[in-house]
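# Results of the structural survey
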Amino acid sequence: MRVLVLSNDDVRAALTPAACLGAMAEVLAAHARGEAYMPLRSIMRPPGAAGLMGLMPAWRGDGVGGRGTDTAAATFALKAICLMRENPARGLDAHQGTVTLFDGETGRPFAILDASAITAVRTAAVSALATRELARADARTLAVVGAGVQATSHIEALIPVREFEDVRVYAPTAEHVQAVIDRAPVPVAAAASAEEAVRGADVVVTVTSAREPVIRRDWLAPGAHVNAVGASTPTTRELDVETVAAAAFFADSREALRHEAGEYLLAVEQGAISGEDHVRAELGEVVAGLRPGRADDGELTLFRSLGIAVEDLAAAEVAVAQARRLGRGTEVEL
């Protein structure tokens, strides 16, 4: 059988932020309607290992978008990803792995893609979708806390969604911040602290591996929107309990929240929120018109992104369809 292999460069050439945003809107709405399926990801943390491995399977049925715009065939997908926290010091992305697409009728694999690129682009596209749906229309100031791969991807993805006039980045390592500034498609200012970056910002993005909060409730302006993206394990958190309790809370998956979101779990444990009653909607429910989004311009909104398998499936389908149009990738006999 012939399988298309897409490298990191191939994926980034084929998967634009705008195309990925559209795919995320489509697949999350499909998931909200019950037209796409995925179990909770499984995580393996061997004692003494340098990192962990996650397995993320998903399926989307016939007639529900799929494979870019080429066909509506059913598709299985599996992302196998290793998270290696020391990789940035080696000049490597912390996320390493593959996304494999399988024909939904025969089960034959037809594409293998670099998962690091898929993860970077689709994660930022989901935050851009959340910003489009939940941030105030007049949002003009963007703050990014964290300066890894996702910081650059988020700036690229969010700029087309709102007319940001002021973009600020903070991270404790000045060289990492400068790298984001150098790669950004718009002028970016380096903030002296996370508080300086966040105060007065209309949209805040956290993309860190923090174990303790990197932003505080009293730093957030009325009507701000927060995309909490990093630190996606039960023992890590980027937000304080007060922020979780005060915000209109949205997520990509309620099931993932219950098992993986450290700030949500701590807020439940401390009695600051009532659990899932505090979650206004999954993002896909908002996109599909099944649940409400922001209530008014003064409301603090929070989207807790955990990254789910249907997102990888949809991003990979779009990347494959466009790569074939561009003549990118390598066909191999498997």
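Structure: above.
Conventions used here
Residues numbered from 1 in each chain as written. Predicted model: local features only at pLDDT ≥ 70, side-chain atom pairs only at ≥ 80, totals over all residues. Heavy atoms only, no water. Pairing = 2+ DSSP bridges. Helix = DSSP H or I, 4+ residues; strand = E, 2+ residues; numbered from the N terminus. Contact = heavy atoms within 4.5 Å. Axes fitted to C-alpha atoms, helices over the stretch in contact; angles between N-to-C directions. Buried < 20%, exposed > 50% of the residue type's maximum accessible area, 1.4 Å probe, protein only. Core = buried A, V, L, I, M, F, W, Y, C linked by side-chain atoms within 4.5 Å. Salt bridge = Lys/Arg side-chain N within 4 Å of Asp/Glu carboxyl O. Polar contact = N/O pair within 3.5 Å; in protein donor to acceptor, adjacent residues only side chain to side chain.

The next subject is the sheet that holds strand 11 (residues 203-206). Reading across the sheet, the eight strands line up as 10-9-8-11-12-15-13-14 and stay open at both edges, with parallel pairing between neighbours. The open sheet terminates on both sides in strands that have one partner only, identified here as strand 10 (189-190) and strand 14 (279-282). Pairing between strand 11 and strand 12 (residues 225-228): four bridges, direction parallel. Bridge pairing in strand 12 links V205 to N227. Of the strands in this sheet, strand 11, strand 12, strand 13 (248-251) and strand 15 (301-304) touch helix 3 (residues 115-134), which is tilted by about 160 degrees from strand 12.

Take the pairing of strand 7 (residues 109-114) next. Extensive coverage of strand 7 is indicated by the burial of five of its six residues. In terms of strand pairing, strand 1 (residues 2-6) meets strand 7 through three bridges, oriented parallel. What sits directly across from L4, in strand 7, is A111. One ladder, built from five bridges, connects strand 6 (residues 95-103) with strand 7; its direction is antiparallel. Each residue of the ladder has a partner; that of T100, found in strand 7, is I112. Between strand 6 and strand 7, which pair antiparallel one after the other, the connecting turn spans five residues, and G107 there sits at a positive phi close to 80 degrees.

With that out of the way, let us pick up the environment of I181. Take I181: it is sitting in helix 5 (residues 174-183). Note on I181: relative accessible area 21%, which makes it partly exposed. Residues I181 and L326, spaced 145 residues apart in sequence, show a C-alpha to C-alpha distance of 30 Å. Leave out the neighbours within four places in its chain, and I181 touches V188 and A190.

Grouped together as the largest cluster of nonpolar side chains are 73 residues, with contacts concentrated most on L15, M24, L113 and I118. By residue number, the principal contributor to this core is helix 3, which donates 11 residues. With near-sequence residues (within four places) excluded, I118 lies in contact with V11, L15, V99, L113, T123, D312, A315, A316 and A319. Counting 34 residues, the second-largest nonpolar core is a separate cluster that includes A210, V226, A228 and F249.

According to the stated counting rule, one finds 21 salt bridges in the structure shown. As a salt-bridge pair, R328 and D10 come within 3.0 Å of each other at their nearest N and O atoms. Of the two residues, R328 is situated in the loop between helix 11 (309-326) and strand 16 (330-333) and D10 in helix 1 (residues 8-14); the sequence distance between them amounts to 318 residues. Since its relative accessible area comes to 32%, R328 is described here as partly exposed. For the salt bridge of R136 with D138, the shortest nitrogen-to-oxygen distance reads 2.8 Å.

Before going further, it helps to examine the environment of R41. Inspection of the secondary structure puts R41 in the loop between strand 2 (36-37) and strand 3 (42-44). Separated by 218 residues in the primary sequence, R41 and H259 place their C-alpha atoms 9.9 Å from one another. Apart from residues lying up to four places away in sequence, R41 is in contact with L55, M56, E260, L306 and G307. Here the side chain of R41 touches E260 through a polar contact of 2.9 Å, side chain to side chain. Among the polar contacts made by the side chain of R41, one reaches the main-chain carbonyl oxygen of L306 at a distance of 2.6 Å.

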